[in-house]
Amino acid sequence: MTKSSSKISRQMPNFEQVAKTAEKLNILYQDEYIIAINKPSGLLVHRSPIDRHETRFAIQILRDQIGQYVYPAHRLDKPTSGALLFGLSAAVASKLGHTFSNQQIKKSYLAVVRGHCPSAGRIDHALTEITDQRIAKSKVAAKQSAVTDFRLLGQYQLDVEIESYPQSRYSLLELQPQTGRRHQLRRHLKHISHPIIGDAKYGRGRHNRYFAEHLQCPRLLLHAAQQTFQHPVSGLEICINAPIDVHFSDLLSRFAWIDLLPPEWQ
């Protein structure tokens, strides 16, 4: 063995050794071409300049867990939980990426928002492109069309004065984005004055703090619950369901909303 090949082999991860002690992710679906996990809130998909000090990444944890490289087909924001899809080869991931970019996938999210929402609606509101901070100053941000459909699942009222009203109202929504803009759901819900609870960037701080401190729910209440798409190799329809985590589940139980969800999301 040459010195160069020896050096390369030492740099390759020992998947078997790492898997014995590494963190494990919940695998929702796996075949020889694709794999889907239930990403926890607070976990980055991959390394990002936005969180320079973060050391945990879904792509690395999953690679070590299954013993092979994975290639993300799309992204979820760090605070968003739920179904996250990877290709097991770069070619398959590319095909999946086209499925997402061409809106050939049906996605359903759960969100808890401030206020009582109407029974259903469509948010058709163009969003300014969010660019990398390193190039933002040299590029004029463009507006992109963005559409989100929503359906009301439940409403609740707390007899607590959090802002200027003696009661505080909330809604449980199913969201179906028809486009895939960055932070689309969070920005759209802010646009209609029903920000998502736990959203530090687009939400309302007093409500976020109340849910964290008094309702033991210190996270963004946005969850990618379901993805339905055509398999990039077999052509079969695949439906992936991601159950909510304990913080989300406990809150929905407290508000008597848990039975409003399909069993596979609970």
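Provided above is the structure to which this section pertains.
Residues numbered from 1 in each chain as written. Predicted model: local features only at pLDDT ≥ 70, side-chain atom pairs only at ≥ 80, totals over all residues. Heavy atoms only, no water.

1. Some details on the packing of aromatic side chains
Counted under the stated rule, the structure contains six aromatic pairs. When the centroid spacing of 6.4 Å and the interplanar angle of 80 degrees are considered together, the rings of Tyr156 and Trp257 count as edge-to-face. Placement of the pair is Tyr156 in strand β9 (residues 147-158) and Trp257 in the segment after α8 (246-254), with a sequence separation of 101 residues. Given a relative accessible area of 2%, Trp257 falls into the buried group. Look at Phe211 and Phe255: their rings are 6.1 Å apart centre to centre, the planes differ by 80 degrees, and that puts the pair in the edge-to-face class. One end of the pair, Phe211, is in helix α7 (residues 205-214); the other, Phe255, is in the segment after α8, with 44 residues separating them in the sequence. Accessibility expressed as a relative area gives 0% for Phe211, which makes it buried. Its relative accessible area of 2% is what places Phe255 among the buried residues. (Phe/Tyr/Trp six-rings, centres within 6.5 Å; stacked < 30°, edge-to-face > 60°. Helix = DSSP H or I, 4+ residues; strand = E, 2+ residues; numbered from the N terminus. Buried < 20%, exposed > 50% of the residue type's maximum accessible area, 1.4 Å probe, protein only.)

2. Some thoughts on the pairing of strand β1 (residues 26-30)
In this sheet, strand β2 (residues 34-39) lies alongside β1 in antiparallel orientation, the contact comprising four bridges. Residue Tyr29 lies in a different strand from β2, and its bridge partner there is Ala36. Between β1 and β2, which follow one another and run antiparallel, lie three residues. (Pairing = 2+ DSSP bridges.)

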